[in-house]
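# Descriptive analysis of the structure
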Amino acid sequence: MISPIGTEAPVLVPGKPGEPGRTATPGERVGQSPQPTVASDVRFAEAMIPHHRQALEMTSLVEARTTTAVVRSLARSITVAQTPEIRTMTGWLAELGRPAPAAHEHAPAAGYGMASEAELNALRAARGTAFDRMFLRLMTRHHQGAVKMAGEELAGGRDLRMRMLAKDVYSGQSIEIARMAEALESLPS
């Protein structure tokens, strides 16, 4: 961090509309102070990391199991979005002195869209249109769970980075849910 000592450069703080500005005093913090981190923020990151990992596990199966362009495109989009989100949340937790979780505490029945091991095994075994249908259904449910988690963060979280990430998850995955519904409808019977 660069020290303001010795810079002799004034920092101007604008006034309210119609009021004059002023010069900041030495050591004064200027701008919005960050919102404090609360338990909701930590829960969100600690739950979303393994949730995203499972989505990436499912997308890693696509290339070898389908030739359907829309399914491949969706899988690439999911991978491109969720890989950096995992890095962001992992780094954020590390700043708090917390490790990234290895496992997800949400059971498949908890309403957060996690696939069971049996569902993952069935997905691994499927090929072609059967794979496409199963992938789209599982990933839609998975995304609905992520949207629910993001909504919980937006309702109770305070950390600016986690709230911004939750907004991205909420909007991006809502759009992908609609795309997956269209893709499912377009599959041959």
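See the structure shown above.
Scanning the chain for helices and strands turns up six helices and two strands. Per-residue burial over the chain gives 37% buried out of 189 residues. Taking all contacts inside the chain whose residues are at least 6 apart in sequence as the whole, residues at least 24 apart take part in 75%. Element-wise, carbon and sulfur atoms account for 58% of the exposed surface of the chain, whose accessible area totals about 11,000 Å².

Relative to the assigned elements, Asp41 resides in helix H1 (residues 39–59). Along the sequence, Asp41 and Gly156 sit 115 residues apart, while their C-alpha atoms lie 7.8 Å from each other. Excluding its chain neighbours within four sequence positions, the residues that come into contact with Asp41 are Pro36, Trp92, Glu153, Gly157, Arg158, Asp159 and Met162.

In a regular helix each residue adds 1.5 Å, so 21 residues correspond to 30 Å; H1 covers 30 Å between its end C-alpha atoms and thus fits that length. Most of H1 sits inside the fold, with 16 of its 21 residues counted as buried.

A separate point is helix H3 (residues 69–95). Taking 1.5 Å per residue as the helical rise, H3 with its 27 residues ought to reach 39 Å, and the 40 Å between its terminal C-alpha atoms agrees with that figure. When we look at burial in H3, the residues that qualify are Val71, Leu74, Ala75, Ile78, Gln82, Glu85, Ile86, Met89, Trp92 and Leu93. If you follow the buried residues of H3, they end up packed against H1, helix H2 (62–65), helix H5 (128–156) and helix H6 (160–186). In the stretch just after H3, Gly97 is the one whose phi turns positive, near 80°.

Mapped onto the fold, Ala45 is located in helix H1. Assessed through its relative accessible area of 0%, Ala45 is described here as buried. Expressed as a C-alpha distance, the spacing of Ala45 and Ala166, which sit 121 residues apart in the sequence, is 9.5 Å. The residues touching Ala45, leaving out its near neighbours within four places in the chain, are Met89, Trp92, Leu93 and Met162.

Any two side chains of opposite charge can pair, on the condition that their charged atoms come close. Counted by the stated rule, this structure contains six salt bridges. Arg72 serves as the salt-bridge partner of Glu63, at 3.0 Å between the closest nitrogen and oxygen. Each of Glu57, Glu117 and Arg124 takes part in a single network of salt bridges with overlapping partners.

Turning our eyes to something else, we now look at the nonpolar core. Inside soluble globular proteins, nonpolar side chains tend to come together where they are buried. Ranked by internal contacts, the top residues of the largest apolar core, which has 22 residues, are Met58, Leu123, Phe131, Phe135, Leu136 and Met139. Secondary structure elements with two or more residues in this core: H1, H3, helix H4 (117–125), H5 and H6. Per-element tally for this core: the top contributor is H5, with six residues. Ignoring anything within four residues of it in the chain, the contact list for Leu136 reads Val71, Leu74, Met180, Ala183, Leu184 and Leu187.

What follows concerns the side chain of Gln82. On the secondary structure map, Gln82 appears in helix H3. For Gln82, the contacting residues outside a window of four places in its chain are His52, Ala55, Leu56, His143 and Gln173.

What follows deals with the packing of aromatic side chains. Considering all chains together, one arrives at one aromatic pair under this definition. Both rings, one in Phe131 and one in Phe135, keep their centres 5.8 Å apart while their planes meet at 20°; by these two values the pair is stacked. Separated by four residues within a single helix, Phe131 and Phe135 lie in helix H5, roughly one turn from each other. Assigned by exposure class, Phe131 and Phe135 land together as buried.

Quick notes on the rules
Residues numbered from 1 in each chain as written. Predicted model: local features only at pLDDT ≥ 70, side-chain atom pairs only at ≥ 80, totals over all residues. Heavy atoms only, no water. Helix = DSSP H or I, 4+ residues; strand = E, 2+ residues; numbered from the N terminus. Buried < 20%, exposed > 50% of the residue type's maximum accessible area, 1.4 Å probe, protein only. Contact = heavy atoms within 4.5 Å. Areas by Shrake-Rupley, 256 points an atom, 1.4 Å probe, with all protein chains shown as cover. Expected span 1.5 Å × (residues − 1). Salt bridge = Lys/Arg side-chain N within 4 Å of Asp/Glu carboxyl O. Core = buried A, V, L, I, M, F, W, Y, C linked by side-chain atoms within 4.5 Å. Phe/Tyr/Trp six-rings, centres within 6.5 Å; stacked < 30°, edge-to-face > 60°.

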